[in-house]
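Tertiary structure, described
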Amino acid sequence: MQQYLLSIYQPDGAPPPPEVLEPIMQDLQAVNAEIRAAGAWVFSGGLYPPSTATVVRLKDSELLTTDGPYIEGKEHIGGFTVIQAPNLDAALEWGGKLARAITLPIEVRPLQYGTCG
């Protein structure tokens, strides 16, 4: 089965107040439980804010590190889930369930193996 990355895009800024966030987190837990029960879950995680990022880049044969996100933007990847699915349509169904649960955009992309490292 192909593996897919379901990236959760969230707006920059403070999280919503608890009365908004708590029902979303309950819905997210329910979808995650459904993904696990279906045997599609591989792993998932949330990310700290972009301000905690460090970028490593090569410039003139030297490695440079800089604080902060690689790209400044109005939204960032706040978390992700890796699933296995028989095809893109099935992966998109899981992406749709996540989007409905958390009310944020979900990018669904197939993972590619053997090309990096």
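Conventions used here
- Residues numbered from 1 in each chain as written.
- Predicted model: local features only at pLDDT ≥ 70, side-chain atom pairs only at ≥ 80, totals over all residues.
- Heavy atoms only, no water.
- Helix = DSSP H or I, 4+ residues; strand = E, 2+ residues; numbered from the N terminus.
- Polar contact = N/O pair within 3.5 Å; in protein donor to acceptor, adjacent residues only side chain to side chain.
- Contact = heavy atoms within 4.5 Å.
- Salt bridge = Lys/Arg side-chain N within 4 Å of Asp/Glu carboxyl O.
- Buried < 20%, exposed > 50% of the residue type's maximum accessible area, 1.4 Å probe, protein only.
- Axes fitted to C-alpha atoms, helices over the stretch in contact; angles between N-to-C directions.
- Parallel < 35°, antiparallel > 145°, perpendicular 65-115°, else oblique.
- Left-handed = near helix turned anticlockwise from the far one by under 90°.
- Nonpolar A, V, L, I, M, F, W, Y, C, P; charged D, E, K, R; others polar.
- Phe/Tyr/Trp six-rings, centres within 6.5 Å; stacked < 30°, edge-to-face > 60°.
- Lys NZ or Arg CZ within 6 Å of the ring centre and 35° of its normal.

**Looking at the side chain of His-76**
Residue position: His-76 is located in strand S5 (residues 75–85). There is a polar contact of 2.4 Å between the side chain of His-76 and the side chain of Asp-12. Other than its neighbours up to four places away in sequence, His-76 contacts Ile-8, Tyr-9, Gln-10, Pro-11, Asp-12 and Pro-50.

**Notes on the pattern of salt bridges**
All chains considered together, the criterion is met by two salt bridges. Where Lys-97 meets Glu-34, a salt bridge forms, and the shortest distance between an N and an O atom there is 2.4 Å. Of this pair, Lys-97 sits in helix H2 (residues 88–102) while Glu-34 sits in helix H1 (residues 18–37), and the two are 63 residues apart along the sequence. Overall, Lys-97 belongs to the partly exposed group, its relative accessible area being 25%. Among the residues examined, Glu-34 registers a relative accessible area of 34% and is labelled partly exposed. A salt bridge links Arg-109 to Glu-107; its shortest N-O distance comes to 3.7 Å.

**A closer look at the packing of H1 against H2**
The contact between H1 and H2 brings their axes to 8 Å, and the two run at 160 degrees. The angle between H1 and H2 places the two elements in the roughly antiparallel class. Handedness of the crossing formed by H1 with H2: right-handed. In this structure, H1 contributes Ile-24, Asp-27, Leu-28, Val-31, Asn-32, Glu-34 and Ile-35 to the contact, and H2 contributes Trp-94, Lys-97, Leu-98, Ala-101 and Ile-102. Of the residues contributing to the contact of H1 with H2, the split by class is eight nonpolar, one polar and three charged.

**Details of the environment of Ala-30**
Mapped onto the fold, Ala-30 is located in helix H1. Exposure remark for Ala-30: the relative accessible area of 46% places this residue in the partly exposed category. Taking the C-alpha atoms as reference points, Ala-30 and Leu-98, 68 residues apart in sequence, are found 9.7 Å from one another.

**Topic: the packing of aromatic side chains**
Taken as a whole and judged by the stated rule, the model has one aromatic pair. Their ring planes at 85 degrees and their centres at 5.8 Å tell us that Phe-43 and Phe-80 sit as a pair that is edge-to-face. Placement of the pair is Phe-43 in strand S2 (residues 41–46) and Phe-80 in strand S5, with a sequence separation of 37 residues. When its relative accessible area of 41% is taken as the criterion, Phe-43 is described as partly exposed. When its relative accessible area of 22% is taken as the criterion, Phe-80 is described as partly exposed. Above the face of the Trp-41 ring, Arg-36 is positioned so that its terminal group lies 4.0 Å from the ring centre. One residue, Lys-97, lies across the ring of Trp-94, its end atom 5.0 Å from the ring centre.

Keep in mind these values describe shape, not function.
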